[in-house]
Amino acid sequence: MSEGEKLIASNPSRSDYFIDEVVEAGLVLVGTEIKSLRTQSPNLRDAFVELSGSAAQTEAWLVNMHIAPYSHGNIWNHEPLRRRKILLHRHQIDKLIGAITQKGYSVIPIRMYFKKGRAKVELGLGKGKKKGDKTARRQETDRQREMDAAIKSKRRG
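Residues numbered from 1 in each chain as written. Predicted model: local features only at pLDDT ≥ 70, side-chain atom pairs only at ≥ 80, totals over all residues. Heavy atoms only, no water.

What to know about the overall build of the protein
Put simply, the test is: In this description a helix means any DSSP run of H or I spanning at least four residues, a strand means any run of E spanning at least two, and both kinds are numbered starting from the N terminus. Note on method: radius of gyration uses C-alpha positions; expected globular size equals 2.2 Å times residues raised to 0.38.
Scanning the protein for helices and strands turns up three helices and seven strands. Its helices and strands in sequence order give the protein the pattern β-β-α-β-β-β-α-β-β-α, from N to C terminus. In terms of overall dimensions, the protein is more spread out than a globule: its C-alpha atoms have a radius of gyration of 19 Å, far above the 15 Å expected for 157 residues. With respect to the principal axes defined by its C-alpha atoms, the protein has extents near 65 × 45 × 30 Å.

Next comes the structure, spelled out in structure tokens:
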């Protein structure tokens, strides 16, 4: 995380994907959503990116991200699970569409943060892990932990 960024939320299901590329994007939010983000964290667990529209007018939407209603809001408070538009350049959207259609990638939000007072979301372009991939990774970290413990105990004497 670079200077001037304040982490709002991170996606715990990031470990279910092999992330190949990361893209920073802005979000179109309403006033009560920003106020709610500043007081409590959103839930990115089941969120995903949906690309919709015609070939020339494709837009990116963040779907299924939960932002709790603002506690001091009134009757015009926002819907917690509404679709939120993602602000990306045309070439970034075209690149995402190509990766999704040709290579079978998924686009998931990795983390959400404030940068210079604006809410940003980091999108990851990656493939889903299989159960065997997760098991192999867990075994590798366990082996590494055991080796580190053995080296540490040997140094102690």
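Past the structure itself, the notes keep going.
Observations regarding the packing of aromatic side chains
How we decide: Side-chain rings of Phe, Tyr and Trp (the six-membered ring for Trp) are treated as a pair once their centres are within 6.5 Å; stacked means planes under 30 degrees apart, edge-to-face means over 60, and tilted covers the remaining angles. Consider the ring centre and the ring normal. A charge sits over the ring if Lys NZ or Arg CZ is within 6 Å of that centre and within 35 degrees of that normal.
The full count for this structure, using the stated rule, is zero aromatic pairs. Taking NZ or CZ as reference, R38 lies 4.4 Å from the ring centre of F114, over its face.

Overview of the pattern of salt bridges
How we decide: Any carboxyl oxygen of Asp or Glu within 4 Å of a side-chain nitrogen of Lys or Arg constitutes a salt bridge here. Relative accessibility thresholds used throughout: buried, under 20% of the residue-type maximum; exposed, over 50%; partly exposed, between the two (1.4 Å probe, protein chains only).
This model, assessed by the stated rule, comprises eleven salt bridges. Close ionic contact of E5 with R111 constitutes a salt bridge, the shortest N to O distance being 3.3 Å. On the criterion of sequence distance, the pair formed by E5 in strand 1 (residues 5-10) and R111 in strand 6 (residues 106-115) is long-range, its members being 106 residues apart. The same class applies to E5 and to R111, which are both buried.

Here we look at the pairing of strand 6
Filter applied, for reference: Whether two strands pair comes down to DSSP finding at least two bridges between them.
Extensive coverage of strand 6 is indicated by the burial of eight of its ten residues. Inspection of the sheet shows strand 1 paired to strand 6 by five bridges, in the antiparallel sense. Among the inter-strand pairings, L7 is bridged to a residue of strand 6, identified as Y113. With nine bridges connecting them, strand 6 and strand 7 (residues 118-128) associate as antiparallel partners. In the sheet register, Y113 faces strand 7, and the bridge partner there is K120. In sequence, strand 6 turns back onto strand 7 through a hairpin of two residues, with K116 there showing a positive phi of about 55°.

Some remarks on unusual backbone geometry
Its identity as a non-glycine residue notwithstanding, N64 has a phi of 70°, on the positive side. Here N64 lies in the loop between strand 4 (59-63) and strand 5 (84-87). Residue N64 is classed as partly exposed on the basis of its relative accessible area of 33%.

Some words on the nonpolar core
Basically, it comes down to this: Nonpolar core, defined: a set of buried Ala, Val, Leu, Ile, Met, Phe, Trp, Tyr and Cys residues in which side-chain atoms within 4.5 Å join the residues together. Contacts between residues were defined by any pair of non-hydrogen atoms, one from each residue, lying within 4.5 Å.
L37, I86, L88 and L123 are the most contacted members of the largest nonpolar core, which has 27 residues in total. Of all the elements in the fold, those that place two or more residues in this core are strand 1, strand 2 (17-27), strand 4, helix 2 (90-103), strand 6 and strand 7. Top element by residues in this core is strand 7. It accounts for four residues. Not counting chain neighbours up to four residues away, the residues in contact with L37 comprise I8, L29, P42, I67, M112, F114 and A119.

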